[in-house]
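# Structural overview
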Amino acid sequence: MNTAPFFAPALFDDAAAALDRVREIHAASSRHLRDALQRYVAGEDIGQHVRACYPLVRIRSNTVARADSRLSYGFVAGPGVYETTLTRPDLFADYYFEQFSLLLRNHQMPLEVGTSTQPIPVHFALAEDDHLEGQLGPDRRLLLRDRFDLPDLGAMDDGIANGTFEPGPGEPHPLALFTAARVDYSLHRLRHYTGTRPEHFQNFILFTNYQFYIDEFIELGRELMADAASGHGYEAFVEPGEVVTRRRGLPPGERDALGAAPPRLPQMPAYHLVRGDRSGITMVNIGVGPANAKTITDHIAVLRPHAWLMLGHCAGLRNSQQLGDYVLAHGYMREDHVLDEELPLWVPIPALAEVQLALEAAVEEITRLSGYELKRVLRTGTVASTDNRNWELLPSRGMDSSPERRFSQSRAVALDMESATIAANGFRFRVPYGTLLCISDKPLHGEIKLPGMANQFYRERVDQHLRIGIRALERLREQGIDRLHSRKLRSFAEVAFQ
């Protein structure tokens, strides 16, 4: 076995020093794999199996006592050994530093940092622009597994996040929701699905199911980059293909010249209003359907964002509603089914007060309506989400299980296909979530989308709706993440990392 340099576990009582050791281990392991792969691609016989492993951080606690903290994370649940593997310290440096600092402060015990036994799949050691494996012929590609560790899906499940993981006798408890391999897997999928590198993703996320919203976001992003005087704090606007527009007056980044608009958009294109501290806003067009909503949130969750919101169109279910009215979800009727195995239907998905208040305040601010007048355009209620886009065609009369009866019994006020999935995955991955929808049709009451009506609706509402979502995220940012990451999303024996 040709193994990378091994770093024995060392004790650290300083977060910066611990992070430096993580960087050192990850760099040495990645360099070892890249060098061996380059020789293999060049046709060299590298002989033995090549292996390098992820860095590991561990803490040992012998007491339930800890420092008093108002945060909902940053501490272990009780006595025992807790550890996790780590990856990409270049991307997660600030995040790791915060988690390390909180553990040291809350437990007054040193951190152990060393080389783990979890192999790094060779694909995950490549730099962003390396595509060495693409130069392999069929025979040597087939032998790649004999010489290197490839991604092992068995090491990437979501048992920790799902609450189903149970360590065996003598095994450590997890420190984080995701292992390093699971994180690396999602980082690679994000580039594929969104057309932008993970480095551009911000800590506040907007999801939409319509390109109209993206068009408005692009226009807004470019306007902000041309505005150097208002002090908005956004430094760059990034589009698929790594196309970067810097705020007027700022110098270009070293990679900006490499960006080029793709010949076709990726499946779920992402756009980023970037701030230096990553507290900007990312917007993703997830397209239609709960499967897409689950896919993208499964992967964005490893970035540990501070909040994500769904902005989309929905069917109004009440006769009193008007086209263009807003619906603020305070509950979800989950008929999307994509998370039934990971998150059983008996698990409630609660509304989060901080997010709800931010959304309602943003609607009031942008529409300039308040009190009773605000209630004319904003309704709070249950949103039903379905996996059947043509639910209207199902039998609706005289059957106990008809959609119309279920919607009525649930007290649902609106119907879409994605909101419950995004909220449920936020709950599952401890990411604060919220939903603000806009009514674009009322099929139960004979008001369906017609071309003229739809065009007028889009012109009148999309810009306002988007600005409400942006303002809500800005409010959440302004109030501080200490309030946002509440205990509502934490389980009994929760992992320490946020």
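Residues numbered from 1 in each chain as written. Predicted model: local features only at pLDDT ≥ 70, side-chain atom pairs only at ≥ 80, totals over all residues. Heavy atoms only, no water.

### Observations concerning the overall build of the protein
The cut-off we apply is this: Every helix listed is a DSSP run of H or I at least four residues long, and every strand listed is a run of E at least two residues long, numbered separately from the N terminus. Radius of gyration: over C-alpha atoms. The globule rule applied is 2.2 Å multiplied by the number of residues raised to the 0.38 power. For the exposure calls, accessible area comes from a 1.4 Å probe over protein chains only, and a residue counts as buried if that area is under 20% of its type's maximum, exposed if over 50%, partly exposed in between. Every residue pair with non-hydrogen atoms within 4.5 Å of one another is taken to be in contact. All accessible areas in this document rest on Shrake-Rupley with a 1.4 Å probe, and a residue is counted as covered only by the protein chains that are shown. His residues and chain termini do not enter the charge count, which takes Lys and Arg as positive and Asp and Glu as negative. A single reference atom marks each charge: NZ on Lys, CZ on Arg, CG on Asp, CD on Glu.
The helix and strand inventory of the protein stands at 14 helices and 17 strands. Here the C-alpha atoms of the protein give a radius of gyration of 24 Å, agreeing with the 23 Å that 2.2 N^0.38 yields for 498 residues. Seen through its principal axes, the protein has C-alpha atoms that stretch 70 × 55 × 55 Å. In the protein, which comprises 498 residues, the proportion classed as buried is 55%. For the protein, long-range pairs separated by at least 24 residues make up 81% of all intrachain contacts whose partners lie at least 6 apart in sequence. For the protein, the accessible surface area stands at approximately 22100 Å², while carbon and sulfur atoms represent 51% of it. Side-chain charges of the protein comprise 55 positive and 64 negative groups, with the mean position of each set lying 3 Å from the other.

### Section: the packing of helix α1 (residues 15-41) against helix α2 (residues 89-107)
Worth spelling out the cut-off: Axis lines are fitted through C-alpha atoms, for helices just across the contact stretch, and the angle between N-to-C directions can take any value from 0 to 180 degrees. In this scheme, roughly parallel covers angles under 35 degrees and roughly antiparallel covers those over 145, while 65 to 115 is roughly perpendicular and the rest are oblique. Here a crossing is called left-handed whenever its near helix is offset anticlockwise from the far helix by less than a right angle, and right-handed whenever the offset is clockwise.
With their axes 9 Å apart at the nearest point, α1 and α2 run at an angle of 140 degrees to one another. Considering their axes alone, α1 and α2 lie oblique with respect to each other. Crossing angle aside, the handedness with which α1 passes α2 is right-handed. Of α2, the residues touching α1 (which contributes Ala15, Ala16, Ala18, Leu19, Val22, Arg23 and His26) are Pro89, Ala93, Tyr96, Phe97, Phe100, Ser101 and Leu104.

### Quick look at the environment of histidine 465
If you trace the backbone, histidine 465 turns up in helix α13 (residues 451-479). When its relative accessible area of 0% is taken as the criterion, histidine 465 is described as buried. Residues histidine 465 and glutamate 166 lie 299 residues apart in sequence; the distance between their C-alpha atoms is 44 Å. With residues near it in sequence (within four places) discarded, histidine 465 still touches Tyr213, Leu311, Gly312, Tyr326, Leu436, Leu437 and Cys438.

### Quick notes on the pattern of salt bridges
Using the following cut-off: A side-chain nitrogen of Lys or Arg and a carboxyl oxygen of Asp or Glu constitute a salt bridge if their distance falls within 4 Å.
One pass over the full model with this rule turns up 26 salt bridges. Several salt bridges share partner residues, and in doing so they unite Arg88, Asp90, Arg197, Glu199 and Glu242 into one network.

### Some points on helix α9 (residues 353-367)
Selection criterion: Under the convention used throughout, the expected extent of a helix is 1.5 Å for every residue step, that is, one less than its residue count.
For α9, which comprises 15 residues, the first-to-last C-alpha distance of 21 Å matches the rise-based estimate of 21 Å (1.5 Å per residue) to within 8%. Within α9, burial applies to Glu354, Val355, Gln356, Ala358, Leu359, Ala362, Val363 and Thr367. Within two residues after α9, arginine 368 carries a phi angle of roughly 60 degrees, on the positive side.

### Considerations on the pairing of strand β14 (residues 326-335)
Put simply, the rule reads: At least two bridges found by DSSP between two strands is the condition for calling them paired.
β14 sits mainly inside the fold: 9 of its 10 residues count as buried. Across 9 bridges, the pairing between β14 and strand β15 (residues 378-386) is parallel. By the bridge assignment, leucine 328 is partnered in β15 with threonine 380. Sheet analysis places β14 next to strand β17 (residues 433-441), joined by 3 bridges and oriented antiparallel. By the bridge assignment, valine 327 is partnered in β17 with leucine 437.

### Notes on the environment of arginine 264
Within the secondary structure, arginine 264 sits in the loop between β10 (243-246) and β11 (270-274). On a C-alpha basis, the gap between arginine 264 and glycine 241 in space is 9.8 Å, while along the polypeptide they are 23 residues apart.

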